Each structure stands twice: as C-alpha cells, then as structure tokens.
Amino acid sequence: MTGQTPPQHRVASKLAQLLGEVIVHHAPHTAAAGAAASTAAVNDWLDGLEAHTAGFVGPFLQHVLDISDPPEPVRALLEEAINPTAAFSSTLEQIFLWGIVSSIVSGAVSPFVQGITNDLNSTAVAAKILRPVDPATIATAVGRGLELGAPPTVNVPDWAYGQAAELGIGPDQVNLMAS
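The rules behind each value
- Residues numbered from 1 in each chain as written.
- Predicted model: local features only at pLDDT ≥ 70, side-chain atom pairs only at ≥ 80, totals over all residues.
- Heavy atoms only, no water.
- Helix = DSSP H or I, 4+ residues; strand = E, 2+ residues; numbered from the N terminus.
- Buried < 20%, exposed > 50% of the residue type's maximum accessible area, 1.4 Å probe, protein only.
- Contact = heavy atoms within 4.5 Å.
- Areas by Shrake-Rupley, 256 points an atom, 1.4 Å probe, with all protein chains shown as cover.
- Core = buried A, V, L, I, M, F, W, Y, C linked by side-chain atoms within 4.5 Å.
- Salt bridge = Lys/Arg side-chain N within 4 Å of Asp/Glu carboxyl O.
- Patch = residues over 30% accessible without salt bridge, like charges linked within 9 Å, V, L, I, M, F, W, Y side chains within 5 Å.
- Polar contact = N/O pair within 3.5 Å; in protein donor to acceptor, adjacent residues only side chain to side chain.
- Arc of directions from axis to C-beta.

Undergrad: Go over the overall build of the chain with me, naming the residues and quoting the values.
TA: Counting its regular elements, the chain contains six helices and zero strands. In the chain, buried positions account for 22% of the 179 residues. Long-range pairs, those at least 24 residues apart, make up 63% of the contacts in the chain with a sequence separation of at least 6. Carbon and sulfur atoms make up 67% of the accessible area of the chain, which totals about 12,600 Å².

Printed below as a string of structure tokens:
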C-alpha cells in the first residue's frame, strides 16, 4: 500500500491537471482580450481628451492667437492644441496649456491673493509665528557680534515693522537685519 496513491488524490490530481491544461491553452486568448480592452480604454480616454480640447479650450486659444503674435514655435503648439492631429499629442498639449492657463490665472488673481497673504503673515507675526532669519543675515549678525532680540543699533521706523510683518518677519528679526 505504500506505493499507491489513494483514490481521492488521483481524482484531485487529474482535475488539477485538466484545469492546468485549460489555463495554459486559453492564456494567450485571455491575454489578447485583456490587451485589447486596455488599448480600447486608453483610446477612448485620448479621444475624450481631444474632444474636450477642441470644444472647451480651442475657442479660448483661437482668441489668444487672434489678438496676439506669439513666436512661431508657440504659435505651432497653440494651433496643434486647437486642432489636434493625433490623440497622444493632445495629452502633451494639455500639459503645455495647463502651464499657460495657470500663468494667466495666477497673474490675474495675484493682487487679491497678495492682500490675503499679507494679512495672514501679519496675523502669524502677532502670534509669534515667524519666518526664520536667512543664512546670510545670520552670518553677518554673528560676524558683527549682534544678538537676535537685542535693540537695533539704528532707528527703525514703525512702517518698516508693519511692512516686515506682512512678509512674516517679526520685530526682533527687523532689528537684527537693520543693525
């Protein structure tokens, strides 16, 4: 009895062998189906991105081209973005356009955001949350024997403290920098 396989193991072993053969036989077919589905999903996404570019961003970019005279390489990129010739290029153009649109929006809202930033920095300074002193100022102060928190060696006007606070710089730091 030592050399024989029990009957339940023979059935399980035959089933495992049959299952293995089916998997090996069908693996190329399932791999091809998976690759086709993946390719179709990527193509659908690129087609959608191209349609979005043409319908949403295209008119804006056309207006930019109509009212300006960009250098030829930039003009070619903008024209390609308006009417993409290949699906993959629309992805690259979206990255390029995001940079342009981001710069335009940033420039337009910058004055408003600066006011908020100034207020936040002033509030932080009042709460003793300060920007660190830059390394060059530290080296100069140490070389001159100055201490952070010591009175300034020159007369610092009040407006200088207010302006510095809007940058996140506290009074002791101003005194150190002015000395």
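Undergrad: An account of the environment of Val 133 is requested, with residue identities and associated values reported.
TA: Tracing the backbone shows Val 133 in the loop between α3 (87-126) and α4 (135-143). Judged by its relative accessible area of 14%, Val 133 falls in the buried class. Sequence separation between Val 133 and Gly 170 is 37 residues; the distance between their C-alpha atoms is 9.7 Å. Those residues in contact with Val 133 that sit more than four places away from it in its chain are Ile 138, Gln 173 and Leu 176.

Undergrad: Break down the nonpolar core for me, with residues and values.
TA: Counting seven residues, the largest nonpolar core is built from Val 57, Leu 61, Leu 65, Leu 78, Ala 81, Ile 82 and Leu 97. Looking at this core, the elements with two or more residues in it are α1 (7-67) and α2 (72-82). Beyond its immediate stretch of four places on either side in the chain, Leu 78 contacts Leu 61, Leu 65, Pro 70, Phe 96, Leu 97 and Ile 100. Grouped together as the second largest cluster of nonpolar side chains are five residues, Val 156, Ala 160, Ala 164 and Ile 169 included.

Undergrad: Outline the pattern of salt bridges, supporting the account with residue identities and numerical values.
TA: For the coordinates displayed, the defined rule picks out two salt bridges. For Asp 69, the salt bridge is made with Arg 75, and the minimal N-O distance between the two is 3.7 Å. Among the ionic contacts, a cluster of salt bridges with common partners joins Asp 69, Arg 75 and Glu 79.

Undergrad: Now, about a nonpolar patch on the surface: what can you tell me, with residues and values included?
TA: A surface patch of nonpolar side chains, amounting to about 370 Å² of accessible area, comprises Val 105, Val 109, Phe 112 and Val 113. Examined against the element boundaries, Val 109 turns out to sit in helix α3. What makes Val 109 partly exposed here is its relative accessible area of 36%.

Undergrad: I'd like to hear about α4, residue by residue, with values.
TA: Quick reminder: α-helices carry 3.6 residues per turn. Residues three or four places apart thus point the same way. For α4, the side-chain oxygen to backbone nitrogen distance between the N-cap and Ala 136 is 3.2 Å, and the N-cap itself is Asp 134. Just beyond α4, the residue with positive phi is Gly 145, at close to 75°.

Undergrad: Tell me about the side chain of Gln 173, and name the residues and values.
TA: For Gln 173, the location among the structural elements is in helix α6 (residues 171-178). Excluding residues within four positions of it along the chain, Gln 173 makes contact with Leu 130, Arg 131, Pro 132, Val 133, Leu 148 and Gly 168.

Undergrad: Could you give me a rundown of the environment of Phe 60, with the residues and numbers involved?
TA: With respect to the helices, strands and loops of the structure, Phe 60 is situated in helix α1. Separated by 22 residues in sequence, Phe 60 and Ile 82 place their C-alpha atoms 8.9 Å apart. Here Phe 60 is in contact with Val 101 and Ile 104, once residues within four sequence places are set aside.

Undergrad: Which residues make up helix α5 (residues 158-166), and what values do they have?
TA: Buried within α5 we find Ala 160, Ala 164 and Ala 165. All buried residues of α5 project into a common sector of 135° when viewed along the axis, lining one side. Facing away from the buried side of α5 by over 90 degrees, the exposed positions are Asp 158 and Trp 159. Remark: Gly 168 follows α5 within two positions and exhibits a positive phi of approximately 85°.

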